[in-house]
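# Working through the structure, step by step
Take a look at the letters that make up each chain.
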Amino acid sequence: MLTEKYNQLTSILREMGSVVVAFSGGVDSTFLLKAAVDTLGSDYVLAVTADSETYPSNELEEAKALADRIGVNHQVIETSELAIPGYAENNKNRCYFCKSSLFDSLIPVMESKGFQNVIYGVIADDMNEYRPGMQAAKEKGIRGPLQEANLFKEEIRELSRKFDLPTWDKPSFACLSSRIAYGEYITKEKLTKVEKAENYIKSLGIRQVRVRNHQDIARIEVEPADMKIILDSHDSITRNLQEYGYKYITLDLIGYQSGSMNKVLA
């Protein structure tokens, strides 16, 4: 079954001819980039990473290293989600504004470089989640080959491991704005505060972490198995996160949940 899905993916990519890959360096976009290069050849693939306030600096460096490892041309473009009308207000359509602006930046790159398509790492799992960015992709003719091939996250991890990609077990990642509660205005200061808090908790040996920003409250999400590390280090965590600007620090007993901020949406 997995071989059939991968063959379908390569068939979709081959039909496209040449592609610009919206490349974040995450599990899905890295595998998509690798599959595209293996199928089309590096001359017909361009990886483009958007560097912005919502994209952690360590992720950018990792994306550069991954593109070099895969052997593909990589272009970094500067963007600013906070400058997009409607984005900083942080309503439930925030991701629509983000993806719409991203694709508006990638399409001119595609046209100027002579490529035929822009593709991104939407996957089969996303079809059952709240993903307003998919509407922006549909409107602008941006395709998601992984989703079209009906590939799910665990299958992508399995294939990534088979192809010796270091991202096969990389924790799931989302932009820093996803940590800020809907309706709470997004600022550069809040994004920096979240990034510093997560980096500190990762320094304790925790790989999967979200620091959800609720005004002055930091709600920490980690896997249940890592909660003991948080509790054992509560003094240092409290001290550091308060230095970053939080007044109250909490541990979510449910544990890490992708898209947990969406629970408030009907």
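About the criteria used
- Here the residue numbers are simple positions, counted from 1 along each chain's written sequence.
- Given that the model is predicted, a residue must reach a pLDDT of at least 70 before its local features are reported, and side-chain atom pairs must reach 80 or more before they are shown or counted; all residues, however, enter totals for whole chains, interfaces and linings.
- As a rule here, side-chain values come from all non-hydrogen atoms in the structure, and water together with hydrogens is ignored.
- Only buried residues count toward a nonpolar core. Its members are Ala, Val, Leu, Ile, Met, Phe, Trp, Tyr and Cys residues joined through side-chain atoms within 4.5 Å.
- Exposure is judged per residue with a 1.4 Å probe applied to protein chains only, and the accessible area is read against the type maximum: over 50% gives exposed, under 20% gives buried, and values in between give partly exposed.
- To qualify as a helix, a DSSP run of H or I must reach at least 4 residues; to qualify as a strand, a run of E must reach at least 2; elements of each kind are numbered from the N terminus.
- Two residues qualify as a contact provided that any one of their heavy atoms is within 4.5 Å of a heavy atom in the partner residue.
- We call two strands paired when DSSP finds no fewer than two bridges between them.
- An axis is simply a line fitted to the C-alpha atoms; with a helix, the fit covers only the stretch in contact. Between two such axes, the angle follows the N-to-C directions and lies from 0 to 180 degrees.
- UniProt positions are given in the numbering used here, feature names are shortened, and annotations may be inferred rather than shown by experiment.
- Here, a salt bridge means any side-chain nitrogen of Lys or Arg that lies within 4 Å of a carboxyl oxygen of Asp or Glu.
- Only rings of Phe, Tyr and Trp enter the pairing, Trp through its six-membered ring, and a pair is recorded when the two centres are within 6.5 Å. The plane angle decides the type: under 30 degrees is stacked, over 60 is edge-to-face, the rest tilted.

One finds Leu 9, Phe 31, Leu 33, Val 45 and Leu 151 to be the most contacted residues of the largest nonpolar core, which totals 34 residues. Those elements giving two or more residues to this core turn out to be helix H1 (2-16), strand S1 (19-22), helix H2 (27-40), strand S2 (45-51), helix H3 (57-70) and helix H7 (153-162). It is H2 that provides the largest number of residues to this core, a total of 8 residues. In this view, Leu 151 contacts Leu 2, Lys 5, Leu 9, Phe 31, Ile 123, Ala 124, Asp 125, Leu 146, Ile 156 and Leu 159; residues no more than four positions away in its chain are not counted.

As a further point, take the sheet that holds S1. Spatially, the 4 strands line up as an open sheet ordered S3-S2-S1-S4, and their pairing is parallel. Strands at the two margins of the open sheet, each flanked by one partner only, are strand S3 (73-78) and strand S4 (117-119). Taking the axes of each pair of neighbouring strands and ignoring which way they run, one obtains an average angle of 25° across the sheet.

Across the sheet, which stays open at both edges, the 3 strands sit in the order S5-S6-S7 with mixed pairing between neighbours. On the outer flanks of this sheet lie strand S5 (209-214) and strand S7 (248-251), each paired with one strand and no other. Sheet twist, expressed as the average angle between the axes of neighbouring strands with direction ignored, equals 25°. Relative to strand S6 (residues 217-222), S5 is paired through 6 bridges, and the arrangement is antiparallel. Bridge pairing in S6 places Arg 210 opposite Glu 221. Strands in contact with helix H8 (residues 188-202) are S5 and S6; relative to S5, the strand with the most contacts, it is inclined by about 145°. Its contacts with the sheet put helix H10 (residues 234-244) on S6 and S7, and the angle it makes with S7 is roughly 135°.

This part covers the UniProt feature "domain: NAD/GMP synthase" (unreviewed entry) in the chain. The feature "domain: NAD/GMP synthase" (unreviewed entry), as annotated in UniProt, sits at residues 16-81 in this numbering. Between the first and last C-alpha atoms of residues 16-81 the distance is 29 Å; the span itself is 44% helix and 26% strand.

Let us look at unusual backbone geometry. Within the chain, Asn 90 stands out as a residue other than glycine whose phi angle is a positive 60°. Its location among the elements puts Asn 90 in the loop between S3 and helix H4 (94-113). Take Asn 90: its relative accessible area is 0%, and that puts it in the buried class. One non-glycine residue, Gln 215, lies in the positive phi region at around 55°. Tracing the backbone shows Gln 215 in the loop between S5 and S6.

Glancing now at the pattern of salt bridges. By the definition in use, this model includes 20 salt bridges. Notably, a salt bridge pairs Lys 64 with Glu 61, separated by 3.5 Å at the nearest N-O pair. With a gap of 3 residues between them, Lys 64 and Glu 61 both fall in helix H3, about one helical turn apart. Note on Glu 61: relative accessible area 47%, which makes it partly exposed. Across the pair Arg 131 and Asp 126 runs a salt bridge whose closest N-O atoms are separated by 3.2 Å. For Arg 131, a relative accessible area of 36% puts it in the partly exposed group.

Turning our eyes to something else, we now look at the packing of aromatic side chains. Aromatic ring pairs are reported here in terms of the distance separating the ring centres and the angle at which the planes meet. Throughout the structure, instances matching the rule amount to 6 aromatic pairs. Aromatic side chains Tyr 6 and Phe 31 sit 6.3 Å apart centroid to centroid with 50° between the ring planes, which places their arrangement in the tilted category. Of this pair, Tyr 6 sits in helix H1 while Phe 31 sits in helix H2; the two residues are 25 residues apart in sequence, bridging distant segments of the chain. Each member of the pair, Tyr 6 together with Phe 31, is buried. Between Tyr 55 and Phe 173 the ring centres are 6.5 Å apart and the planes differ by 75°, which places this aromatic pair in the edge-to-face class. With Tyr 55 in the loop between S2 and H3 and Phe 173 in the loop between H7 and H8, this residue pair connects regions lying 118 residues apart in the sequence. The buried category is assigned to Tyr 55, whose relative accessible area is 9%. Judged by relative accessible area, which is 28%, Phe 173 ranks as partly exposed.

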